[in-house]
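Residue-level listing of the chains:
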Amino acid sequence: METTIFYNGTEDYIVSEDLRNSVNIAVMLKRPLIIKGEPGTGKTLLARSIAKALGLKLIIWNIKSTTKAREGLYIYDTVQRLYDGQFGDGDVSDIGRYIKLGQLGEAFTAEQQVVLLIDEIDKADLDFPNDLLWELDVMEFYIPETRETIKARQRPIVIITSNAEKELPDAFLRRCIFHYIAFPDPEMMSEIVRVHHPNLEEHLLKEALRAFYWIRKISGLHKRPSTSELLDWVQALVVGGIPADRVCQELPFLGVILKHNQDIDTVLRRLRDYGV
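Residues numbered from 1 in each chain as written. Predicted model: local features only at pLDDT ≥ 70, side-chain atom pairs only at ≥ 80, totals over all residues. Heavy atoms only, no water.

## Here we look at the packing of helix 8 (residues 186–196) against helix 10 (residues 227–239)
Following both chains from N to C, one finds helix 8 and helix 10 inclined at 50 degrees, their axes separated by 11 Å at the closest point. Considering their axes alone, helix 8 and helix 10 lie oblique with respect to each other. The chirality of how helix 8 crosses helix 10 is right-handed. Every residue of helix 10 that contacts helix 8 at M189, I192, V193 and H196 is listed here: T227, L230, L231 and V234. Class assignment for the residues of the contact of helix 8 with helix 10 results in 6 nonpolar, 2 polar and no charged. (Axes fitted to C-alpha atoms, helices over the stretch in contact; angles between N-to-C directions. Helix = DSSP H or I, 4+ residues; strand = E, 2+ residues; numbered from the N terminus. Parallel < 35°, antiparallel > 145°, perpendicular 65-115°, else oblique. Left-handed = near helix turned anticlockwise from the far one by under 90°. Contact = heavy atoms within 4.5 Å. Nonpolar A, V, L, I, M, F, W, Y, C, P; charged D, E, K, R; others polar.)

## Topic: the nonpolar core
What tends to happen in soluble globular proteins is that the nonpolar side chains get buried as a cluster. Counting 32 residues, the largest nonpolar core has M189, I215, W233, L251 and V267 as its most contacted members. If you list the elements that add at least two residues to this core, you get helix 8, helix 9 (202–216), helix 10, helix 11 (244–250), helix 12 (254–257) and helix 13 (261–273). The leading source of residues in this core is helix 9, at 9 residues. In contact with W233, not counting residues within four places along its chain, are A208, A211, F212, V247, L251, P252, F253, V256 and I257. Among the nonpolar cores identified, the runner-up in size contains 30 residues, and F128, I150, I160 and L168 belong to it. (Core = buried A, V, L, I, M, F, W, Y, C linked by side-chain atoms within 4.5 Å. Buried < 20%, exposed > 50% of the residue type's maximum accessible area, 1.4 Å probe, protein only.)

## Topic: the packing of aromatic side chains
Under the criterion given, the structure shown has 6 aromatic pairs. For the ring pair Y74 and F141, a centre distance of 6.5 Å and an interplane angle of 5 degrees mean the geometry is stacked. Taken as a pair, Y74 in strand 5 (residues 74–76) and F141 in strand 8 (residues 140–143) lie far apart in primary sequence, 67 residues in all. One exposure class covers both Y74 and F141, and it is buried. Here the aromatic residues Y74, F108 and F141 are joined through ring pairs into a cluster of three or more. Note that R216 overlies the ring of F183, its terminal NZ or CZ placed 3.6 Å from the centroid. (Phe/Tyr/Trp six-rings, centres within 6.5 Å; stacked < 30°, edge-to-face > 60°. Lys NZ or Arg CZ within 6 Å of the ring centre and 35° of its normal.)

Nothing here speaks to function; it is geometry throughout.
In structure tokens:
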């Protein structure tokens, strides 16, 4: 299977052979694929690409710091049942009416195989991955309120992304295939920028990339700029009519590419002391 990454809906670049092999192995072994890498390396877009390449539906489970594993299985709406019991005319004894499947439950009950993206799993607490172990292993879960066991009709292709903000449990990692996506090098990044700015003047692109990677190498930044910030910055440079020779000398519109005052101060200090 040859997989293509799509950046913001536009075909951008072909994935590496190593990544393509990792995807194929995960599919063949029926194991979740964990993708780690910095923001802007295409982790989420990989799942979209796989779904598009295989003609499968994509189900996205966006993880937050408050997300619990059970929410991906099902939600029992006790509040609605209580409300109906007091003010409605429906049969509240039918608990099944108040059970809503989550993203994992939806993937299990789909008529056709789907791609399930569990996005940014490292945002949740440490118990979250372990709570998913059983369901991802046996592809079923039990709903005690209705005494019903939900079994997967087809095993979904599970893609899990992580920004490496925290380490995942070893027991969870042992059950997954792992791949790290490196941040794009200047040549690859040039191609990405060209997709969004095909008419960009070559010298301006060269200077923007030079400044971008210089900033990324500065130690102590709270958040290094990613692909999305670079794209916004290039657009700002074009709209602002900034000549190419001023980009590295002045780093205009620095607030577009850096999101913390401390980082802006650090970069400007380095620019005064050493230059790009």
